[in-house]
Amino acid sequence: MYELTIITEFEAAHQLPDYPGKCSRLHGHNWKVEVTVCGQELNHLGMVMDFKDLKAEVGKVVDTLDHYYLNDLPAFKSTNPTAEYIAKYIYDTLANNSVFQQGISIRCVQVWESPRSAVKYCPQE
Ligand SMILES: Nc1nc2c(c(=O)[nH]1)N=C([C@H](O)[C@H](O)COP(=O)(O)OP(=O)(O)OP(=O)(O)O)CN2
Ligand SMILES: [Zn+2]
């Protein structure tokens, strides 16, 4: 099995309304997003999938978060926009993409809220 990982970033604002501390106030982060996919077969170029194509598919999802107030987005209407739910949103959206339903699957999504804090969502482990 091969695992491929790409890294991208987005910037956005959020707040955690019931949080007992400063994170209940409006603030922003530069989130770093790491997406790992896996596959067993290599194509004629010797790749599971071109990093360029993987970055493009992840980029479409990250664009739905970039420079938004996350609390206003449909994805976070009934949940707090925590790193946990952001990772799950990115994972679930990618997992519903037909690109990742034919021999290449999403392994996990890791979201770094700061250089010191990250969540990794790996529902199949
Ligand atoms: N498990 C989680 N814990 C926290 C989350 C989260 O998404 N998942 N989010 C927050 C807040 O968004 C907050 O903005 C981040 O808190 P914190 O790490 O304390 O922020 P700092 O930048 O001040 O971190 P330092 O390492 O202390 O500088 C809170 N918790
Ligand atoms: Zn925050």
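Residues numbered from 1 in each chain as written. Chains lettered and ligands numbered in written order. Predicted model: local features only at pLDDT ≥ 70, side-chain atom pairs only at ≥ 80, totals over all residues. Heavy atoms only, no water.

Engineer: When you look at the state of the cysteines in this model, what are you seeing that I'm missing?
Structural biologist: As used here, a disulfide is simply a covalent bond connecting the sulfur atoms of two cysteines. Under the criterion given, the structure shown has zero disulfides. Here cysteine 108 stays unpaired: no disulfide links it, and the sulfur of cysteine 122, its closest cysteine neighbor, is 3.7 Å away. (Disulfide = S-S within 2.5 Å.)

Engineer: Would you explain the pattern of salt bridges in this entry?
Structural biologist: For side chains of opposite charge, pairing can occur when their charged atoms come near one another. Counting across every chain of the model gives four salt bridges. Measuring nitrogen to oxygen at the nearest pair gives 2.3 Å for the salt bridge that ties arginine 107 to glutamate 3. Here the residue arginine 107 occupies a position in strand S3 (residues 104-114), and glutamate 3 occupies one in strand S1 (residues 2-14), the gap between them amounting to 104 residues. When the shortest N-O distance is used, the salt bridge between lysine 88 and aspartate 92 registers 2.6 Å. Here aspartate 92 and lysine 88 lie together in helix H2 (residues 83-95), a separation of four residues that amounts to about one turn. Classification of aspartate 92 by relative accessible area gives partly exposed; the value is 27%. (Salt bridge = Lys/Arg side-chain N within 4 Å of Asp/Glu carboxyl O. Helix = DSSP H or I, 4+ residues; strand = E, 2+ residues; numbered from the N terminus. Buried < 20%, exposed > 50% of the residue type's maximum accessible area, 1.4 Å probe, protein only.)

Engineer: In this structure, what is going on with the coordination of the zinc ion (ligand 2)? I would like to understand it.
Structural biologist: Tetrahedral coordination by four donors places them ideally at 109.5 degrees to one another around the metal; octahedral coordination by six donors ideally gives 90 or 180 degrees. Note on the zinc ion (ligand 2): its protein donors are His14 (NE2), His27 (NE2) and His29 (NE2). The metal-donor distances range over 2.0 Å. The sequence pattern describing where the donors of the zinc ion (ligand 2) fall on their chain is H-x12-H-x1-H. Here the residue histidine 14 occupies a position in strand S1, and histidine 29 occupies one in strand S2 (residues 27-39), the gap between them amounting to 15 residues. (Donors = N, O, S within 2.8 Å, 3.2 Å for Na, K, Ca; no water.)

Engineer: Hey, could you run me through the environment of leucine 54 in this one?
Structural biologist: Structurally, leucine 54 can be placed in helix H1 (residues 51-63). Along the backbone, leucine 54 and threonine 36 are 18 residues apart, and their C-alpha atoms lie at a distance of 9.6 Å. Setting aside residues up to four positions removed in sequence, leucine 54 forms contacts with Leu4, Ile6, Val37, Met49 and Phe100. (Contact = heavy atoms within 4.5 Å.)

Engineer: Quick question: what am I supposed to make of the packing of H1 against H2 here?
Structural biologist: Axes are the key here: two packed helices are described by the angle between their axes and the distance separating the axes. It is at 10 Å that the axes of H1 and H2 come closest, and there the two elements cross at 130 degrees. Classed by the angle they form, the pair H1 and H2 counts as oblique. At the point where H1 passes H2, the crossing takes the right-handed sense. Between H1 and H2, the contacting residues are Glu57, Val58 and Val61 on the first element and Tyr89, Ile90, Thr93 and Leu94 on the second. (Axes fitted to C-alpha atoms, helices over the stretch in contact; angles between N-to-C directions. Parallel < 35°, antiparallel > 145°, perpendicular 65-115°, else oblique. Left-handed = near helix turned anticlockwise from the far one by under 90°.)

Engineer: Any chance you could explain the site of ligand 1 here in plain terms?
Structural biologist: Around ligand 1, the surrounding shell holds 13 residues, and the nearest of these are Lys22, Cys23, His27, Ala83 and Glu84. Within the contact set of ligand 1, an oxygen atom lies 2.9 Å away from a side-chain nitrogen or oxygen of glutamate 113. Here ligand 1, which alone exposes 620 Å², has 62% of that area covered by the protein. A molecule is said to occupy a pocket when more than half its atoms come within 2 Å of that pocket's grid points, and by this definition ligand 1 occupies the largest pocket. Where the shell around ligand 1 is concerned, the elements lending two or more residues are S2 and H2. Of the residues contributing to the shell around ligand 1, the split by class is four nonpolar, five polar and four charged. (Near = heavy atom within 4 Å. Polar contact = N/O pair within 3.5 Å; in protein donor to acceptor, adjacent residues only side chain to side chain. Areas by Shrake-Rupley, 256 points an atom, 1.4 Å probe, with all protein chains shown as cover. 1 Å grid on protein atoms, 1.4 Å probe; cavity = no way out; pocket = protein on both sides within 12 Å on 5 of 7 lines; lining within 4 Å. Sits in = over half its atoms within 2 Å of the grid points. Nonpolar A, V, L, I, M, F, W, Y, C, P; charged D, E, K, R; others polar.)

Distances and angles like these do not, on their own, reveal function.
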